[in-house]
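Below, each chain spelled out in residue letters.
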Amino acid sequence: LQPMRARKTPEEISALKKAATLTMLGIEHLRKLLKEGISEEELAFSFEFFCRKNGASGLSFDPIIAFGENSAYPHYQTGKTLLKKGQVVLMDVGCIVDRYRGDLTRLELCGEVDPRIAHFLQIVKRAERKAIQAIRPGVLVGQLDRIVREEFQKEGCEKLFLHSLGHGIGLETHEFPRLRDQGEEAKIALEPGMVVTIEPGLYQPGLGGIRYEDMVVVTEQGCMNLSEDAC
């Protein structure tokens, strides 16, 4: 059933668009709350409260809110760390609307951060744009992953990319196919109606991490970014 579930109907895409839109509104809400001394847990709670108040039935997963060095761990568990100036704020969040799930990641820089973090952000956003621009029917998912890895290779930081490029999304947060350049799934061709996340990231222990993530639907002509603030 994986190929069947991977191709979303117009009704499913509409629900995913609603989930992505509300998730993005939740992120904008968090941006307004950022100040020195606020905790990761406070932001996570505020995101859930905001989304539920505005129509979400739940969260796609426990929010990943990571400050500073904590952002260097892709699957960090949100804790009691307090925000300080000079730190990156990573927000990987999602909510459920009409049974379908949102999943987006955005970054904020609290004051002047280490120049290496700012440089990583430029690299990651450039790599994500190139991957999204390449999405169209017939493209192999492995090709998308390679586009990002080759971009990182040019900057000498490919080893800091610790996970696959993305995954399908729908009734579950992680669905078929997984976007990676190895294994059988690398040979899967994109088809109209598929909805996937594109989420390149660079992670430097002791410094911090950068990840940028959007939800993208494959169309007959190319693709459409379901996020409201497509980079």
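Overview of the structure. (Residues numbered from 1 in each chain as written. Predicted model: local features only at pLDDT ≥ 70, side-chain atom pairs only at ≥ 80, totals over all residues. Heavy atoms only, no water.)

1. Here's the deal with the overall build of the chain
- Scanning the chain from N- to C-terminus turns up 5 helices and 13 strands.
- Taken over the C-alpha trace, the chain has a radius of gyration of 17 Å; the compact-globule value for 231 residues is 17 Å, and the two agree within 12%.
- Principal-axis analysis of the C-alpha atoms gives the chain an extent of 45 × 45 × 25 Å.
- The 231 residues of the chain split such that 54% are buried.
- A sequence separation of at least 24 residues applies to 68% of the contacts in the chain between residues at least 6 apart.
- Accessible area of the chain: about 10700 Å², with a carbon and sulfur share of 51%. (Helix = DSSP H or I, 4+ residues; strand = E, 2+ residues; numbered from the N terminus. Rg over C-alpha atoms; globule rule 2.2 N^0.38 Å. Buried < 20%, exposed > 50% of the residue type's maximum accessible area, 1.4 Å probe, protein only. Contact = heavy atoms within 4.5 Å. Areas by Shrake-Rupley, 256 points an atom, 1.4 Å probe, with all protein chains shown as cover.)

2. Some words on the sheet that holds strand β4 (residues 95–97)
- In spatial order, the strands read β1-β4-β5; together these 3 strands make up an open sheet with antiparallel pairing. Of all strands in the sheet, those with a lone pairing partner are β1 (58–59) and β5 (100–101), marking the two edges.
- Here 2 bridges tie β1 to β4, and the two strands are oriented antiparallel to one another. Bridge assignment links Leu59 to a residue of β4, and that residue is Cys95.
- Contacts from helix α2 (residues 10–33) reach β4 and β5 within the one sheet, and its direction differs from that of β4 by about 140°. (Pairing = 2+ DSSP bridges. Axes fitted to C-alpha atoms, helices over the stretch in contact; angles between N-to-C directions.)

3. A short note on the sheet that holds strand β3 (residues 87–93)
- Within the open sheet, the 3 strands sit side by side as β2-β3-β6. Their pairing is antiparallel. Each having just a single partner strand, β2 (64–67) and β6 (104–110) make up the two edges of the open sheet. Shown here is a sheet whose adjacent strand axes are inclined to one another by a mean of 10°, direction ignored.
- Judged from the 4 bridges that link them, β2 and β3 form a sheet pairing that is antiparallel.

4. Remarks on the packing of aromatic side chains
- Taken as a whole and judged by the stated rule, the model has 2 aromatic pairs.
- Considering the side-chain rings of Phe45 and Phe49, the 6.3 Å spacing of their centres and the 20° angle between planes classify their relative orientation as stacked. With Phe45 and Phe49 both in helix α3 (residues 40–53) and 4 residues apart, this pair spans about one turn of that helix. A single burial state applies to Phe45 and to Phe49, both of which are exposed. (Phe/Tyr/Trp six-rings, centres within 6.5 Å; stacked < 30°, edge-to-face > 60°.)

5. Things to note about the nonpolar core
- Among the nonpolar cores identified, the biggest contains 40 residues, and Leu144, Phe152, Leu190, Ile198, Leu202 and Ile210 are the most heavily contacted of them.
- Put simply, the parts of the chain that give this core at least two residues each are β2, β3, α4 (115–133), α5 (141–154), β8 (175–179), β9 (195–198) and β12 (214–218).
- Ranked by residue count, the leading element in this core is α4, at 8 residues.
- Formed by 33 residues, the second largest nonpolar core is a distinct cluster that contains Ile38, Cys51, Leu104 and Met215. (Core = buried A, V, L, I, M, F, W, Y, C linked by side-chain atoms within 4.5 Å.)

6. Examining the layout of surface pockets
- In this structure, the largest pocket occupies an estimated 360 Å³ of space.
- A breakdown of the residues in the lining of the largest pocket according to their chemical character gives 3 nonpolar, 7 polar and 6 charged. (1 Å grid on protein atoms, 1.4 Å probe; cavity = no way out; pocket = protein on both sides within 12 Å on 5 of 7 lines; lining within 4 Å. Points joined across faces, edges and corners; volume = space filled by probe spheres on them. Nonpolar A, V, L, I, M, F, W, Y, C, P; charged D, E, K, R; others polar.)

7. Description of the packing of α2 against α3
- Taken N-terminus to C-terminus, the directions of α2 and α3 make an angle of 135°; their axes are 9 Å apart at the nearest point. With respect to each other, α2 and α3 are oriented oblique. Judged by the twist between their axes, the crossing of α2 over α3 is right-handed. Contacts between α2 and α3 involve Leu22, Thr23, Leu25, Gly26, Ile27, His29, Leu30 and Leu33 from the former and Leu43, Ser46, Phe47, Phe50 and Cys51 from the latter.
- Taken together, the residues of the contact of α2 with α3 break down into 9 nonpolar, 4 polar and no charged. (Parallel < 35°, antiparallel > 145°, perpendicular 65-115°, else oblique. Left-handed = near helix turned anticlockwise from the far one by under 90°.)

8. So, unusual backbone geometry
- A cis geometry characterises the amide bond from Phe176 onward to Pro177, with omega recorded as 0°.
- Counting through the fold element by element, Pro177 comes out in strand β8.
- Here Asp98, not a glycine, exhibits a phi torsion of approximately 55°, which is positive.
- What makes Asp98 partly exposed here is its relative accessible area of 44%.

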